[in-house]
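One-letter residues, chain by chain:
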Amino acid sequence: MTLSVVVVDDEPLIRSGLRAIINAEPDLEVVGEASDGAEVLPVVRRTGADVVLMDVRMPAVDGIQATRLLLDSLDPAPRVLVVTTFENDDYVYDALRAGASGFLLKRTPPDDIIAAIRTVAGSESLLFPEAIRALALAHAGAQPAQPGGLDAYQLTEREQEVLRLMARGLSNAEIAAELVLGLQTVKTHVANVLAKLGARDRTQAVIKAYESGFVPLH
C-alpha cells in the first residue's frame, strides 16, 4: 500500500527537496503541496493524504493553526509530522499539543525522514520519545496542572503500565513482550488509554502523562 503525503512549507526549495526524497521510495508518494497553512485543508481534502509534513512557521497561517484545523475538520484526519529548524521551538510543542504526531528537524537525514513518515503513519510507536520528553521538560509548568493527575481518567493498573511503556517509546509488539501479553490485548489497552485520555494518538497521550506528572520528567 502506498502512503500519500502532502508537503507544506513556504520555501519552494524545501518542498522540492522533500518531494524528491519521498518520491524516491516505492511505497511513498507526494500527492500535494502547500506554501501556507491556509492552503492545507483544501489540499488534504482533495488528495485524502495519509501524512502531512507541516512547517510550523509560515507567513499567514502557521503550522499550529493548520494542524488544529485539519484535525478538527477531517475524520479520519491525516497524521501530521511537524518539520522545523529548531527542536526546542515553542511552536513545535504547541503543534504537538494541537494534535501533531511528531516532529522532524529540517536537517534530518533523508533515511530518517522516510522512517519518521512510516512510523507516524503506522501509529504503533512514538516517534523520537526522548525528544518529546525533552520538549515536555522545557515546557514544564507552562500548562496548568491537571487536578489529581491522571486519576480522573480512571486508567486501570494495566493501562497505566501500558502508558508508561508508551512514554518510553516502545511499540505495541515491544509492550507485549515486556508485559508478557498478546499483541491484540496490548492494542486493546492502547486504544482504551487513548479513549479515556481523549488523545488522538500516542503522542498526545504521552504529553498528558508528562504534564500531569504521571510519568516523571526527570
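Reading guide: rules and limits
- Residues numbered from 1 in each chain as written.
- Predicted model: local features only at pLDDT ≥ 70, side-chain atom pairs only at ≥ 80, totals over all residues.
- Heavy atoms only, no water.
- Core = buried A, V, L, I, M, F, W, Y, C linked by side-chain atoms within 4.5 Å.
- Buried < 20%, exposed > 50% of the residue type's maximum accessible area, 1.4 Å probe, protein only.
- Contact = heavy atoms within 4.5 Å.
- 1 Å grid on protein atoms, 1.4 Å probe; cavity = no way out; pocket = protein on both sides within 12 Å on 5 of 7 lines; lining within 4 Å.
- Points joined across faces, edges and corners; volume = space filled by probe spheres on them.
- Helix = DSSP H or I, 4+ residues; strand = E, 2+ residues; numbered from the N terminus.
- Nonpolar A, V, L, I, M, F, W, Y, C, P; charged D, E, K, R; others polar.
- Domains from an automatic or database assignment.
- Salt bridge = Lys/Arg side-chain N within 4 Å of Asp/Glu carboxyl O.
- Buried area = accessible area lost by both parts, 1.4 Å probe.
- Polar contact = N/O pair within 3.5 Å; in protein donor to acceptor, adjacent residues only side chain to side chain.

**Observations concerning the nonpolar core**
The tendency in soluble globular proteins is for nonpolar side chains to be buried side by side.
Moving on, step 1. Ranked by internal contacts, the top residues of the largest apolar core, which has 54 residues, are Val40, Met54, Leu70, Leu163 and Met166.
Moving on, step 2. Contacts of Val40, omitting those with residues within four sequence positions, involve Val8, Ala34, Val52, Met54, Ala66 and Leu70.
Moving on, step 3. Counting residues in each nonpolar core, the second largest holds 18 residues, with Leu3, Ile113, Val120 and Leu127 among its members.

**Remarks on empty space enclosed by the protein**
Moving on, step 1. In the structure shown here, the tally under the stated rule is 1 cavity of 30 Å³ or more.
Moving on, step 2. Taken as a whole, the largest cavity spans an internal volume of roughly 70 Å³.
Moving on, step 3. Listed by contribution, the elements that provide at least two residues to the lining of the largest cavity are helix H5 (110-122) and helix H10 (202-211).
Moving on, step 4. Across the lining of the largest cavity, the residue classes tally to 3 nonpolar, 5 polar and 3 charged.
Moving on, step 5. Two domains each donate at least three residues to the lining of the largest cavity, and these are domain 1 (3-122) and domain 2 (145-212).

**Overview of the pattern of salt bridges**
Moving on, step 1. With the rule as written, the count across this model stands at 13 salt bridges.
Moving on, step 2. Arg19 is the partner of Glu33 in a salt bridge, and the nearest nitrogen-oxygen pair spans 2.1 Å. One end of the pair, Glu33, is in strand E2 (residues 28-34); the other, Arg19, is in helix H1 (residues 12-23), and 14 residues separate them in sequence.
Moving on, step 3. Arg19 sits in the partly exposed class, given a relative accessible area of 31%.
Moving on, step 4. Across the pair Glu124 and Lys187 runs a salt bridge whose closest N-O atoms are separated by 3.6 Å. With Glu124 in the loop between H5 and helix H6 (129-138) and Lys187 in helix H9 (residues 183-197), this pair connects stretches of sequence that are 63 residues apart.

**Some words on the domain arrangement of the protein**
Moving on, step 1. Under the domain assignment used here, the protein contains domain 1 (3-122) and domain 2 (145-212).
Moving on, step 2. The distance between the C-alpha centroids of domain 1 and domain 2 comes to 25 Å.
Moving on, step 3. Each side of the interface is counted separately: domain 1 has 10 residues, and domain 2 has 6 residues.
Moving on, step 4. For the pair domain 1 and domain 2, the two sides together bury roughly 670 Å², of which 39% comes from carbon and sulfur.
Moving on, step 5. On the surface where domain 1 and domain 2 come into contact, there are 3 salt bridges.
Moving on, step 6. One salt bridge connects Arg79 with Asp201, and the closest N-O pair in it is separated by 3.1 Å.
Moving on, step 7. Linking domain 1 with domain 2 are 9 residue pairs in polar contact (both at pLDDT 80 or more), by the criterion used here.
Moving on, step 8. Of all the secondary structure elements, the ones that give two or more residues to the side of domain 1 that touches domain 2 are helix H3 (63-73) and helix H4 (90-98).
Moving on, step 9. Of the residues that constitute the side of domain 1 that touches domain 2, the class distribution is 4 nonpolar, 3 polar and 3 charged.

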